Amino acid sequence: MNRKRNLLISFTAALLAALLVYGVYRLQLKQIELQETVRVVVPKDFIRAGTMIEEGMLAYKPILLASYEENMFTDVSDVAGLESVVPLGTNEPILAWKVDKFHLLPSAGESTFQIPREYILSLSNGIRAGDKVNLYLSGSEVESGRLFDREVVVASVKSSSNVEIDNPKSPNLLSRVNGDTEKMYASRREANGPIDQINLNLTEEQWLAIDRACRTKKAKLVIALSAASITDESVPAKKGR
């Protein structure tokens, strides 16, 4: 008789303990619901300014919904391919103003070099800051050909009066950000002067290769606007009217 009573007491105690655990679990779920979270994009590690951000550098971090700001990112694909304007701290939510798709600062490992005028044979007048260009060598004592296997980014193009070449009424970069290819084309046709100076974002190896090739005056650069500057898939197409 005592054995049955002890079993009944043990069973009742176990049942009450289970109910208590379930009650605590439901209470915790309720508390989480009251404090909803949202996943935002953060760097896995510290990212220096001027770095082209790749998807592998990013992760998600849950934060309270009350702490969420509209200029935070919730999708890694929206950040991958952008450049960091300022240093990005580990596990800190990335804000929109801290990254830029058409940022003109040199990327990590690059510097901005002004190309000497005597190094240039030909320079496309349609080039604007933020464009991608191809560099070619030409000369009587060298074999003409492309100098690098990838485009380089133009940091700035200026007139002889040191004014940035652009259409003041419809800046090329603004049109590009808006994905308005028509205005981009118009801004190149209605620029404020011929190009006298061009600055390129180059690695040290790229600049030294240019300098070695051109300093003897046996070869000069042909700087050509790349189709990627207009047809780049990163630039959204203008919506039809």
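Quick look at the structure, then. (Residues numbered from 1 in each chain as written. Predicted model: local features only at pLDDT ≥ 70, side-chain atom pairs only at ≥ 80, totals over all residues. Heavy atoms only, no water.)

In this structure, N91 is a non-glycine residue whose phi angle is positive, near 65 degrees. Summarising the element assignment, N91 is placed in the loop between β3 (83-84) and β4 (99-100). Located in the positive-phi region is K217, a residue other than glycine, with phi close to 65 degrees. With respect to the helices and strands, K217 occurs in the loop between α5 (204-214) and β11 (220-225). (Helix = DSSP H or I, 4+ residues; strand = E, 2+ residues; numbered from the N terminus.)

The subject of this paragraph is the nonpolar core. I115, I198, L200 and I210 are the most contacted members of the largest nonpolar core, which totals 25 residues. Those elements that provide at least two residues to this core are β7 (132-138), β9 (152-158), β10 (197-203), α5 and β11. If one sorts the elements of this core by residue count, α5 sits on top with 5 residues. Ignoring any residue separated from it by four or fewer positions in sequence, one finds L200 in contact with S111, T112, F113, I115, V133, L135, V152, V153, V154 and A155. In this structure, V41, L58, L88 and I94 belong to the second largest nonpolar core, which totals 11 residues. (Core = buried A, V, L, I, M, F, W, Y, C linked by side-chain atoms within 4.5 Å. Buried < 20%, exposed > 50% of the residue type's maximum accessible area, 1.4 Å probe, protein only. Contact = heavy atoms within 4.5 Å.)

Interpretation in functional terms is not warranted from these geometric data alone.
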